[in-house]
Amino acid sequence: MAVRKLLCLLAATALFVTGCAGAGSLGTGGRTLVVAIVSNPQMKDAISLKGEFEKANPGIRLKFVSLPENEARAKITASTATQGGEFDVVMISNYEAPQWAANGWLENLEPHMKATLGYDENDFIPSIRQSLSYENQMYAVPFYGESSFVVYRKDLFQKAGLSMPDHPTWQQIAEYAAKLDDKQAGIAGICLRGKPGWGESLAPFTTVANTFGAQWFDQQWNAKLTSPEFTQAANFYVNLLREHGEVGAASAGFTECGTRYAQGQAAMWYDATSMTGTTEDPATSRVGGKNGYVAAPVEKTQASGWLYTWALGIPKVGQNKDDAWKFMAWMTDKAYAKKVGETFGWNRVPPGTRNSTYEIPQYADAAKAYAKPTLEGIAAANQQKTMVNPVPYPGIQFVGIPEFQDLGTRVSQQLSAAIAGQTSVADALAQAQKYAESVGKSYQEVQR
């Protein structure tokens, strides 16, 4: 039932991918692999290094289709679910990988990994590896992994006489944001995502909801988006952004917040631990070396960080699976981290996937401010530590069901409207509750 629903939701989206060049098409001088990726900074570095792969693999040429996160998700999902065959390699996450593997949409990568000398799949951080597995078989390999944490300006805290604890509460963060908010100087107290999208604003917001004791659904699949806990979390998030957040918060996502923080326009930023490639890059950041990093803030739970990984998979209908794996192995093996560090700087190494990365002396030195909170965040990112009450779905910052792509996007639009002042939090949640109830009822029917 869930798969049929997802295919229906994607019917319109699928129309947009038909213009892409067919996967595995012949290019000048050999075969062309079409690789669909999200246009995050780490992926841009991979594009810059593609000549290294092509030189080592004569006859294979790479064509990247790089898109913003929301658009990339829609196109990749539509192509893979409808078996369109437009892409040889797709960038997906631990939200999609287990579901798509269960649906038969992805190639099992275990045989490819075992046949590749020196690839060492056991080097992957266990929780990251497990998150990309279905029935203990990996169907995607991680490019980078992350939890979430807070970066803050140590110089601004010192000037204000403030001290950031290693494990702050959200109430403390709100107090710091109020004290450090300096609109005259163009410095927001905090930067948080407000941009619509289930993988944009809902990622940080859902971790806030979790630690406030909220659930999307209870164990009987009753929607809980108007519960006291969910309402308290939404009011907290919206008010914090409206009072002490960045200008234009309702349209700010990971990229926008990263740019603002790196340009010195925010005192704190709560987001993915992979942010360090932006915050510490001497080529683009004005605040590199001035930052401290601490655990994701909590309210009622022991931890609150999310678990996420951008990974690479091969659609089951792919025609060039061996070539596709060669590229994926190159982009996710141990040597790639060293190549990025030596080429672009060690702060730009894709983090959070391989234990061996943290044993590279140059990286260990560059990452000394954030390696420990990154690994601790990933280790603590499970429902037992980040949620107050049990839930019937997998995931921390997402609800691990196919319908969440549509449901999450709709709810995020309501949240963004509240941040923009276009609607009240109460009205936004009332509408969001209706969307969630429709999804919950379908699962209640299955249980009967």
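Our subject is the structure that appears above.
As a starting point, this report considers the structure included with it. (Residues numbered from 1 in each chain as written. Predicted model: local features only at pLDDT ≥ 70, side-chain atom pairs only at ≥ 80, totals over all residues. Heavy atoms only, no water.)

### Quick notes on the overall build of the protein chain
1) Next: When helices and strands are counted, the protein chain shows 20 helices and 11 strands.
2) Next: Taken over C-alpha atoms, the radius of gyration comes to 21 Å for the protein chain, in line with the 22 Å a tight globule of 448 residues would show.
3) Next: Principal-axis analysis of the C-alpha atoms places the extent of the protein chain at approximately 60 × 55 × 35 Å.
4) Next: Classification of the 448 residues of the protein chain by burial places 59% in the buried group.
5) Next: Of the charged side chains in the protein chain, 40 are positive and 42 negative; the average position of the first set lies 2 Å away from that of the second. (Helix = DSSP H or I, 4+ residues; strand = E, 2+ residues; numbered from the N terminus. Rg over C-alpha atoms; globule rule 2.2 N^0.38 Å. Buried < 20%, exposed > 50% of the residue type's maximum accessible area, 1.4 Å probe, protein only. Lys, Arg positive; Asp, Glu negative; His and termini not counted. Charge placed at Lys NZ, Arg CZ, Asp CG, Glu CD.)

### Remarks on helix α5 (residues 96–103)
1) Next: Residues of α5 that are buried: E96, A97, Q99, W100 and A101.
2) Next: Turning to α5, the residues buried within the fold contact α4 (69–81), β4 (89–93) and β5 (133–134).
3) Next: Just beyond α5, the residue with positive phi is G104, at close to 80°. (Contact = heavy atoms within 4.5 Å.)

### Things to note about the sheet that holds strand β10 (residues 291–295)
1) Next: If you walk across this open sheet you meet the three strands as β9-β8-β10, and the pairing is antiparallel. The outermost strands of the open sheet, each flanked by one partner alone, are β9 (268–272) and β10. Each neighbouring strand pair of the sheet contributes to a mean axis angle of 30°, computed without reference to strand direction. (Pairing = 2+ DSSP bridges. Axes fitted to C-alpha atoms, helices over the stretch in contact; angles between N-to-C directions.)

### Comments concerning the packing of aromatic side chains
1) Next: Enumeration according to the criterion identifies 34 aromatic pairs in this entry.
2) Next: With 5.6 Å between their ring centres and 85° between their planes, F53 and F327 make a pair best called edge-to-face. Residue F53 is found in helix α3 (residues 50–56), and its partner F327 is found in helix α14 (residues 321–332); the two are separated by 274 residues along the sequence. Both residues of the pair, F53 and F327, belong to the buried class.
3) Next: Grouping aromatic residues by their ring pairs yields a cluster made of Y95, W198, F205, W216, F230, Y237, F398 and F404.
4) Next: R354 extends its terminal NZ or CZ atom over the ring of Y119, reaching a point 4.9 Å from the ring centre.
5) Next: Sitting over the ring of F124, R354 keeps its end group 4.3 Å from the ring centre. (Phe/Tyr/Trp six-rings, centres within 6.5 Å; stacked < 30°, edge-to-face > 60°. Lys NZ or Arg CZ within 6 Å of the ring centre and 35° of its normal.)

### So, the packing of helix α2 (residues 41–48) against helix α15 (residues 334–344)
1) Next: Running from amino to carboxyl end, α2 crosses α15 at an angle of 90°, the nearest separation of the two axes being 11 Å. Between α2 and α15, the angle falls in the class roughly perpendicular. From α2, Q42, D45, A46 and S48 reach across to α15, where they touch Y336, V340 and F344. (Parallel < 35°, antiparallel > 145°, perpendicular 65-115°, else oblique.)

### Points about the pattern of salt bridges
1) Next: Inspection of the entire model under this criterion finds 21 salt bridges.
2) Next: K114 is paired through a salt bridge with E110; the nearest N and O atoms lie 2.8 Å apart. One end of the pair, K114, and the other, E110, are both in helix α6 (residues 110–114), four residues apart, so they sit about a helical turn from each other.
3) Next: A salt bridge links R193 to E200, with the shortest nitrogen-to-oxygen separation between them at 3.7 Å. Residues R193 and E200 agree in their burial class; the two are buried. (Salt bridge = Lys/Arg side-chain N within 4 Å of Asp/Glu carboxyl O.)

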